[in-house]
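Secondary and tertiary structure notes
Take a look at the letters that make up each chain.
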Amino acid sequence: RKEVEQDPGPFNVPEGATVAFNCTYSNSASQSFFWYRQDCRKEPKLLMSVYSSGNEDGRFTAQLNRASQYISLLIRDSKLSDSATYLCVVNGDAGNMLTFGGGTRLMVKP
Amino acid sequence: ETGVTQSPTHLIKTRGQQVTLRCSSQSGHNTVSWYQQALGQGPQFIFQYYREEENGRGNFPPRFSGLQFPNYSSELNVNALELDDSALYLCASSLATSGVYNEQFFGPGTRLTVL
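Quick summary incoming for the structure in this document. (Residues numbered from 1 in each chain as written. Chains lettered and ligands numbered in written order. Predicted model: local features only at pLDDT ≥ 70, side-chain atom pairs only at ≥ 80, totals over all residues. Heavy atoms only, no water.)

1. Regarding the overall build of chain B
This is how the line gets drawn: By the criteria applied, helices consist of DSSP H or I runs no shorter than four residues and strands consist of E runs no shorter than two, each listed in order from the N terminus. Computation of the radius of gyration draws on C-alpha atoms alone. For the globule rule, the value is 2.2 Å times the number of residues to the power 0.38. Note on areas: Shrake-Rupley, 1.4 Å probe, and residue coverage restricted to the protein chains presented here. The charged-residue count follows a simple rule in which Lys and Arg add positive charge and Asp and Glu add negative charge, with His and chain termini not counted at all. Charge positions come from single atoms, namely NZ of Lys, CZ of Arg, CG of Asp or CD of Glu.
In terms of regular secondary structure, chain B is built from zero helices and eleven strands. Starting at the N terminus, the α and β elements of chain B follow one another as β-β-β-β-β-β-β-β-β-β-β. At 13 Å, chain B has a C-alpha radius of gyration in line with the 13 Å of a compact globule built from 115 residues. Based on the C-alpha atoms only, the size of chain B along its principal axes is roughly 40 × 30 × 25 Å. Accessible surface computed for chain B: about 5600 Å², of which carbon and sulfur atoms make up 49%. Charged side chains of chain B number 7 positive and 9 negative; the gap between the two group centres comes to 6 Å.

Okay, structure coming up:
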């Protein structure tokens, strides 16, 4: 079983749609949680951190459920520029080692 | 731009050869982590260097080795290259402080092709 699991997609949605991505992680000792965005042939970039209380940044909302070891990302009012791969990332208990999921590909169509 | 640079941007090698990839960390950062990203997959942690010492290692064989220099730049060395080593190699720099996770900033990567 992979340490961080995501649905690879692709998710094909029209502009303006709301889309949700989910992720599960296996290491209950994980300390920090993130969503990264990766554009084609580019490096990953931090989209947002994820907290148990839930956090929102504009059109993006992230949520962590520690009991279920589940992380979510909600994107409202999708834009063409949101098309990318979204990586669920967990910081394990061994320093700053990031464990990445395989990524979920989003394609927003006109 | 993150201020993290990597060289070269692309590299083609043949099986059995050795390769050295380089990373310059962001100013003020003391930690460099290396990741391997195969096509269609998420990055996999190779190892991390903190103050010139290896500070954690993922599930990679010993032919993957590294160095960190006093200026905190870093090298990744891979010996006896195999076809499966073809991937995007990413380095990420961060400022490690005790007990606190700090964001890792990624460089643009080196795309290695092994023929």
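Anyway, onward from the coordinates.
2. Here's the deal with the overall build of chain A
Note the threshold: Type-normalised accessible area, obtained with a 1.4 Å probe on protein chains alone, sets the label of each residue: buried when under 20%, exposed when over 50%, and partly exposed for intermediate values. Contact definition: two residues touch when any of their heavy atoms are within 4.5 Å.
When helices and strands are counted, chain A shows zero helices and eleven strands. Start at the N end of chain A and walk to the C end: the helices and strands fall as β-β-β-β-β-β-β-β-β-β-β. Taking 2.2 N^0.38 as the reference for a compact globule, 110 residues should give roughly 13 Å; the C-alpha atoms of chain A span a radius of gyration of 13 Å, in line with that estimate. In terms of overall dimensions, chain A has a C-alpha envelope of 40 × 30 × 20 Å along the principal axes. Expressed as a percentage of the 110 residues in chain A, the buried residues total 46%. Here the analysis covers contacts within chain A between residues at least 6 apart in sequence; of these, 56% occur between residues at least 24 apart. Accessible surface, chain A: about 5300 Å² in total, of which carbon and sulfur atoms supply 48%. When the 12 basic and 11 acidic side-chain charges of chain A are each reduced to a single mean position, those positions are 4 Å apart.

3. A word on the pattern of salt bridges
Worth spelling out the cut-off: Salt bridges are counted wherever a side-chain nitrogen of Lys or Arg sits within 4 Å of a carboxyl oxygen of Asp or Glu.
Scanning the model with the defined rule gives eight salt bridges over all chains in all. Taking the shortest distance from any N to any O, the salt bridge between Asp39 of chain A and Arg37 of chain A comes out at 2.8 Å. Overall, the relative accessible area of 32% leaves Asp39 of chain A in the partly exposed class. A salt bridge links Glu82 of chain B to Arg63 of chain B, with the nearest nitrogen and oxygen atoms 3.3 Å apart. Note that Glu82 of chain B is positioned in the loop between strand S8 (74-78) and strand S9 (87-94) and Arg63 of chain B in the loop between strand S6 (53-57) and strand S7 (64-68), a separation of 19 residues in sequence.

4. Focus on the packing of aromatic side chains
Let me state the cut-off plainly: Pairing of aromatic side chains requires ring centres within 6.5 Å, counting the rings of Phe and Tyr and the six-membered ring of Trp. Pairs whose planes differ by under 30 degrees are stacked, by over 60 edge-to-face, and all others tilted.
Within this structure, the stated rule accounts for twelve aromatic pairs over all chains. For the pair Tyr36 of chain A and Phe106 of chain B, a centre-to-centre distance of 5.8 Å together with 85 degrees between the ring planes defines the contact as edge-to-face. Of this pair, Tyr36 of chain A sits in strand S4 (residues 32-38) while Phe106 of chain B sits in strand S10 (residues 105-106), each in a different chain. Phe106 of chain B matches Tyr36 of chain A in its accessibility class, with the two residues each being buried. Aromatic rings pair up to connect Phe34, Tyr36 and Phe100 of chain A together with Tyr35, Phe45 and Phe106 of chain B into one cluster.

5. So, the state of the cysteines
What we call a disulfide is simply a covalent bond connecting the sulfur atoms of a pair of cysteines. Rules: Our working definition of a disulfide is a cysteine sulfur pair at a distance within 2.5 Å.
Scanning the model with the defined rule gives two disulfides over all chains in all. A sulfur-sulfur distance of 2.0 Å marks the disulfide that ties Cys23 of chain A to Cys88 of chain A. Taking the sign of the S-S torsion, about -70 degrees here, the bridge from Cys23 of chain A to Cys88 of chain A comes out left-handed. One end of the pair, Cys23 of chain A, is in strand S3 (residues 19-25); the other, Cys88 of chain A, is in strand S9 (residues 84-91), with 65 residues separating them in the sequence. Judged by relative accessible area, Cys23 of chain A falls into the buried class, the value being 1%. Put simply, Cys23 of chain B and Cys91 of chain B are joined by a disulfide, and their sulfur atoms are 1.9 Å apart. Residues Cys23 of chain B and Cys91 of chain B are joined by a disulfide whose S-S torsion is about 70 degrees; by sign, that bridge is right-handed. With a gap of 68 residues between them, Cys23 of chain B in strand S3 (residues 19-24) and Cys91 of chain B in strand S9 connect regions that are remote in the sequence. Neither residue differs from the other here; Cys23 of chain B and Cys91 of chain B are each classed as buried.

6. Side note on the sheet that holds S3 of chain B
Residue and element names in this part refer to chain B. This is how the line gets drawn: In this scheme, strands are said to pair when DSSP sees at least two bridges between them. Each axis is a line fitted through C-alpha atoms, taken for helices only over the stretch in contact, and angles between the N-to-C directions span 0 to 180 degrees.
Strand order across the open sheet formed by four strands is S1-S3-S8-S7, with antiparallel pairing between neighbours. Each end of this open sheet is capped by a strand with a single partner; those strands are strand S1 (5-7) and S7. Strand-to-strand twist in this sheet, taken as the mean axis angle between neighbours without regard to direction, amounts to 20 degrees. As paired elements, S7 and S8 share five bridges and run antiparallel to each other. Pairing of Ser65 across the sheet is with Asn77, part of S8.

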